[in-house]
Amino acid sequence: MENVKIIEIKKSVFEDNDRAADALRGELKKKGVFLLNLMSSPGSGKTTTLIQTINRLKDKIRIAVMEADIDSDVDAIKIKEATGVESIQLHTGGMCHLDAEMTEQGLSNLQFTMHNSQCPDLVILENVGNLVCPAEFDTGAVKNAMILSVPEGHDKPLKYPLMFSICDVVVINKMDVLPYFDFDMEKCKEYIHMRNPKATVIPICARTGEGVDVFANWLLKEVENWKE
Amino acid sequence: MHELGIVFYIIRDVKKAAQENGVEHVSAVVMNIGEVSTIIPEYLTDCWRWAADKEEMLKGCELKIEPIPAVTHCDGCGKDYPTVAHGKKCPHCGSEQTWLLRGNEVEIKEIVVPQNK
Ligand SMILES: Nc1nc2c(ncn2[C@@H]2O[C@H](COP(=O)(O)OP(=O)(O)OP(=O)(O)O)[C@@H](O)[C@H]2O)c(=O)[nH]1
Ligand SMILES: [Mg+2]
Ligand SMILES: [Zn+2]
């Protein structure tokens with residue numbers, strides 16, 4: 001038999017990232033920068049919702065956006081054109097999620113970042129469209145938000161429990177198409193609260209802007225709380 | 001592509017551990033993977049083969065998976081039950097005040113290195 005030595009490791013694959021994320025959050029706290037991690041399936045309306053939200057807040061606070069797309073800068077350009085705020089592309093190198101290290105790298109690439117008096121009050125990270133991996137990797141964000149759109153169905157909290165359990169707010173988007181789908185809002189809320197009793201649920205229509213005020217106000221309040 | 005991302009983290013951790021222990025080649029990595037961790041073992045080993053062979057230290061290194069069954073604990077009646085069969089609702093008393101005791105691990109248990117005595 002071959003002679004081998006066994007070295008015990010006993011270490012979670014997420015451990016290093018969790019530590020890096022906590023360190024990043026600590027640094028953001030010192031600088032008074034609020035980082036929001038926005039997640040969803042592809043196409044549920046992250047970019048559209050961001051544009052609506054930013055246009056409601058940009059006169060009150062300084063905002064910057066980081067777009068994590070696997071391989072394009074379409075969204076980063078769209079945000080820049082529609083809102084005028086700084087918006088950069090993060091390259092995930094083919095990865096299905098962002099981790100704390102990549103997020104920190106992105107933050108350091110923001111132009112008007114980390115020079116104290118000019119720090120943005122709010123940085124929004126549009127994560128890769130995917131309900132599995134982003135939930136497992138803490139980005140260092142202060143709060144997590146996700147968007148579930150009506151066509152995806154109200155059973156998603158049952159199928160992707162981890163994602164719903166880590167989100168502080170769940171935005172239900174595309175309320176305008178409700179009549180065409182069998183989406184059950186009450187059931188959806190019930191399932192979300194089974195996973196996460198503390199989650200705030202906000203129905204919106206990003207296309208028309210209906211309900212976006214509620215989300216924008218939630219965000220503004222969180223940003224103010226973080227600075228205290 | 002979920003599993004490929006995980007594989008990159010495993011490789012990073014294993015290389016670090018190997019360096020710390022003065023190891024030049026690793027012949028096997030043993031993982032503890034929880035039943036409800038969202039990792040599909042076959043995908044993980046496929047991605048591992050592809051990525052590990054690109055690393056000098058891990059050429060031919062085998063990824064062994066030891067599954068950990070998922071167990072949920074019920075606060076209602078204090079009993080434990082298998083998560084996959086019953087989900088969130090306790091089969092003993094019907095309570096939904098339950099929480100996952102184990103089964104979502106994605107953990108590197110140990111590495112195996114050849115010894116030439
Ligand atoms: N009917 C309707 N369509 C919407 C709404 N919000 C967004 N859309 C449409 O949904 C599509 C996707 O929207 P995006 O904002 O690009 O979604 P996303 O989540 O950023 O997409 P990815 O970045 O590709 O994952 C676009 O065609 C939007 O116009 C809405 O409230 N109602
Ligand atoms: Mg987008
Ligand atoms: Zn019970």
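Predicted model only: the values in this text are computed from it and were never measured.

Basis of the calculations
- Residues numbered from 1 in each chain as written.
- Chains lettered and ligands numbered in written order.
- Predicted model: local features only at pLDDT ≥ 70, side-chain atom pairs only at ≥ 80, totals over all residues.
- Heavy atoms only, no water.
- Phe/Tyr/Trp six-rings, centres within 6.5 Å; stacked < 30°, edge-to-face > 60°.
- Helix = DSSP H or I, 4+ residues; strand = E, 2+ residues; numbered from the N terminus.
- Buried < 20%, exposed > 50% of the residue type's maximum accessible area, 1.4 Å probe, protein only.
- Lys NZ or Arg CZ within 6 Å of the ring centre and 35° of its normal.
- Contact = heavy atoms within 4.5 Å.
- Buried area = accessible area lost by both parts, 1.4 Å probe.
- Salt bridge = Lys/Arg side-chain N within 4 Å of Asp/Glu carboxyl O.
- Polar contact = N/O pair within 3.5 Å; in protein donor to acceptor, adjacent residues only side chain to side chain.
- 1 Å grid on protein atoms, 1.4 Å probe; cavity = no way out; pocket = protein on both sides within 12 Å on 5 of 7 lines; lining within 4 Å.
- Points joined across faces, edges and corners; volume = space filled by probe spheres on them.
- Nonpolar A, V, L, I, M, F, W, Y, C, P; charged D, E, K, R; others polar.

Draft legend 1. Structural detail: the packing of aromatic side chains. Evaluated as defined, the whole model comprises 3 aromatic pairs over all chains. Seen in terms of ring centroids, Phe14 of chain A and Phe137 of chain A are 5.2 Å apart; in terms of plane orientation they differ by 75°. Their pairing is edge-to-face. One end of the pair, Phe14 of chain A, is in the loop between strand 1 (4-12) and helix 1 (15-31); the other, Phe137 of chain A, is in the loop between helix 5 (133-136) and strand 6 (143-149), and 123 residues separate them in sequence. The burial state of Phe14 of chain A is the same as that of Phe137 of chain A; both residues are buried. Between Phe137 of chain A and Tyr9 of chain B, the aromatic rings sit 4.7 Å apart at their centres with planes inclined by 25°, giving stacked as the arrangement. In this pair, Phe137 of chain A is assigned in the loop between helix 5 and strand 6 and Tyr9 of chain B in helix 1 (residues 2-20), connecting two distinct chains. Neither residue differs from the other here; Phe137 of chain A and Tyr9 of chain B are each classed as buried. An aromatic cluster is defined as three or more aromatic residues linked by ring pairs; in this entry it consists of Phe14 and Phe137 of chain A together with Tyr9 of chain B. The ring of Trp226 of chain A is capped by Lys29 of chain A, whose NZ or CZ atom sits 4.4 Å from the centre of that ring. Sitting over the face of the ring of Trp50 of chain B, Lys54 of chain B holds its NZ or CZ atom 3.9 Å from the ring centroid.

Draft legend 2. Broad picture of the interface of chain A and chain B. Counting from both sides, the interface comprises 25 residues of chain A and, opposite them, 30 residues of chain B. Buried surface at the junction of chain A and chain B, summed over both partners, amounts to about 2400 Å²; 59% is from carbon and sulfur atoms. Joining chain A to chain B, the criterion identifies 4 salt bridges. Linking chain A with chain B are 14 residue pairs in polar contact (both at pLDDT 80 or more), by the criterion used here. Those elements that provide at least two residues to the side of chain A that touches chain B are strand 1, helix 5 and helix 8 (185-195) of chain A. Per-element accounting of the side of chain A that touches chain B gives the leading share, 9 residues, to strand 1 of chain A.

Draft legend 3. Representation of the layout of surface pockets in the model. What the largest pocket holds in volume is close to 890 Å³. Lining the largest pocket are 29 residues, with Pro161 and Leu162 of chain A together with Val36, Leu100 and Asn104 of chain B sitting closest to its centre. Taken together, the elements giving at least two residues each to the lining of the largest pocket come down to helix 5, helix 6 (156-159), helix 7 (161-166) and helix 8 of chain A together with helix 3 (83-86) and strand 5 (98-102) of chain B. Examining the composition of the lining of the largest pocket, we find that 5 residues originate from one element, helix 7 of chain A, more than from any other. For the lining of the largest pocket, the per-class residue count stands at 16 nonpolar, 8 polar and 5 charged. Roughly 160 Å³ of internal volume is contained in the second largest pocket. Split into classes, the residues belonging to the lining of the second largest pocket amount to 2 nonpolar, 4 polar and 3 charged.

What is shown is where atoms sit, not what they do.
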